[in-house]
Structures are given as C-alpha cells and as structure tokens.
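Architecture at a glance
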Amino acid sequence: MGHGDEIVIADANFPASTMGPTVVRADGIGAPSILEAILAHMPLDTFVDEAAWRMEVVGDPTAVPAVCVKFQSLVKKLAGDFEVMPIERFAFYERARSAAYIVATTEFQLYGNIILKKGSFGPGNSSPLIATEDFQIGLDIPNL
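No experiment lies behind these values; they were computed from the predicted model shown.

Cut-offs and rules
Residues numbered from 1 in each chain as written. Predicted model: local features only at pLDDT ≥ 70, side-chain atom pairs only at ≥ 80, totals over all residues. Heavy atoms only, no water. 1 Å grid on protein atoms, 1.4 Å probe; cavity = no way out; pocket = protein on both sides within 12 Å on 5 of 7 lines; lining within 4 Å. Points joined across faces, edges and corners; volume = space filled by probe spheres on them. Pairing = 2+ DSSP bridges. Helix = DSSP H or I, 4+ residues; strand = E, 2+ residues; numbered from the N terminus. Axes fitted to C-alpha atoms, helices over the stretch in contact; angles between N-to-C directions. Salt bridge = Lys/Arg side-chain N within 4 Å of Asp/Glu carboxyl O. Buried < 20%, exposed > 50% of the residue type's maximum accessible area, 1.4 Å probe, protein only. pLDDT = per-residue confidence, 0-100. Contact = heavy atoms within 4.5 Å. Phe/Tyr/Trp six-rings, centres within 6.5 Å; stacked < 30°, edge-to-face > 60°. Lys NZ or Arg CZ within 6 Å of the ring centre and 35° of its normal.

Structural notes on the layout of surface pockets
Here the largest pocket defines a volume of roughly 150 Å³. Along the walls of the largest pocket sit Met-1, Ala-37, Ile-38, His-41, Met-42, Lys-118 and Phe-121, which together make up its complete lining.

Observations regarding the sheet that holds strand S2 (residues 22-26)
Pairing is mixed across the open sheet formed by 6 strands, whose spatial order is S2-S5-S1-S6-S3-S4. Looking at which strands have only one partner, the edges of the open sheet turn out to be S2 and strand S4 (85-87). Ignoring which end each strand starts from, the neighbouring axes of this sheet average 25° apart. Pairing of strand S1 (residues 6-10) with strand S5 (residues 101-105) involves 4 bridges; the strand directions are parallel.

Some points on the pattern of salt bridges
Tallied over the entire structure, the rule returns 5 salt bridges. One salt bridge in this structure joins Arg-95 and Glu-6, with 2.8 Å as the shortest N-O distance. Here Arg-95 is found in helix H3 (residues 89-96), whereas its partner Glu-6 is found in strand S1, with 89 residues between them in sequence. On the accessibility criterion, Arg-95 (26% relative accessible area) is partly exposed.

Regarding the confidence of the model for the protein
Mean pLDDT over the protein stands at 88; residues scoring 70 or higher make up 85%. Low pLDDT, under 50, characterises residues 126-144; the predicted model gives this stretch 14 contacts beyond four residues in sequence or across chains.

Comments concerning the packing of aromatic side chains
A complete count under the given rule lists 3 aromatic pairs for this structure. Centre to centre, the rings of Phe-14 and Tyr-93 are 5.5 Å apart; their planes meet at 65°, and the pair counts as edge-to-face. Residue Phe-14 is located in the loop between S1 and S2, and its partner Tyr-93 is located in helix H3; the two are separated by 79 residues in the primary sequence. With a centroid separation of 5.8 Å and an interplanar angle of 75°, the aromatic rings of Phe-90 and Tyr-93 are classed as edge-to-face. Taken as a pair, Phe-90 and Tyr-93 lie in helix H3 at a separation of 3 residues, close to a single helical turn. An aromatic cluster is defined as three or more aromatic residues linked by ring pairs; in this entry it consists of Phe-14, Phe-90, Phe-92 and Tyr-93. The cationic tip of Arg-95 hangs over the ring face of Trp-53; the distance from NZ or CZ to the ring centre is 3.8 Å.

Spelled out as structure tokens, the structure:
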C-alpha cells in the first residue's frame, strides 16, 4: 500500500468478496485484533482531515457500538489524535470498493467495520520494521 491508499477491516457480515478489492482472510480473528496489528506497523495519513471511518448504525446514526468504541481507543493509542468518523452504511460500502485491500475477519459484533487511510513513513513516524537512523530498510544488499 502507498500513501493515501485505504484498507478495510471487515466483520463477519461484510460482503467482502463482492466489493472488488483483494480480500485477505483473517478467519478466527476479531476486527480489534487486526486493527491493533495493522496500526502497530502502519501510520495513518496526517495530510487529510479524516483518516479512519466506521460504519454508522442503520436507523440510529448517533449510536456508537462497543466494537467501535474499542476501534477509537486503539486508534488513539497506536496512531495518535485521530477520530474514527461515522459514515453511512452504503457510503461505507462505496468507499470500500476503492480500497487497496479488505481484511475479512470473523468479528461477530455488529458494525465491526473500519476503513483506514495509510500515511507515510518518515522521520518521527517510522515502523518498527524499518530501522536505522538514516531511515533505510534494514537489509543487507550488496553494492552493485
């Protein structure tokens, strides 16, 4: 994924296989666990006003399901001061159609869906997988 690409973490009810993007199966794993794993290695986009979205509850757009409260907590803890914004169900589906990937989980809590917009790595915002003070990938590559 590149800067600005989006990834969907979807619950067990989400129609992942008919959306279009590549589906990554995460059977037996809940959405909050996948969110935590992704945010441990992927920054959110700081160049936009919104970088994380959750699906609104149909018929009650002000409701915030417990799984979405957990999403917000993990985003704040791992990505910083981002608000997980609600988005209407069909608008969420439409946005998901243009994602880079959909991670299909076995999350059984209703509305356990979130979309993340990837940020960029750089000084002060690097992944634990990329180390060295010069921000070079930690691989031994011979000089050619």
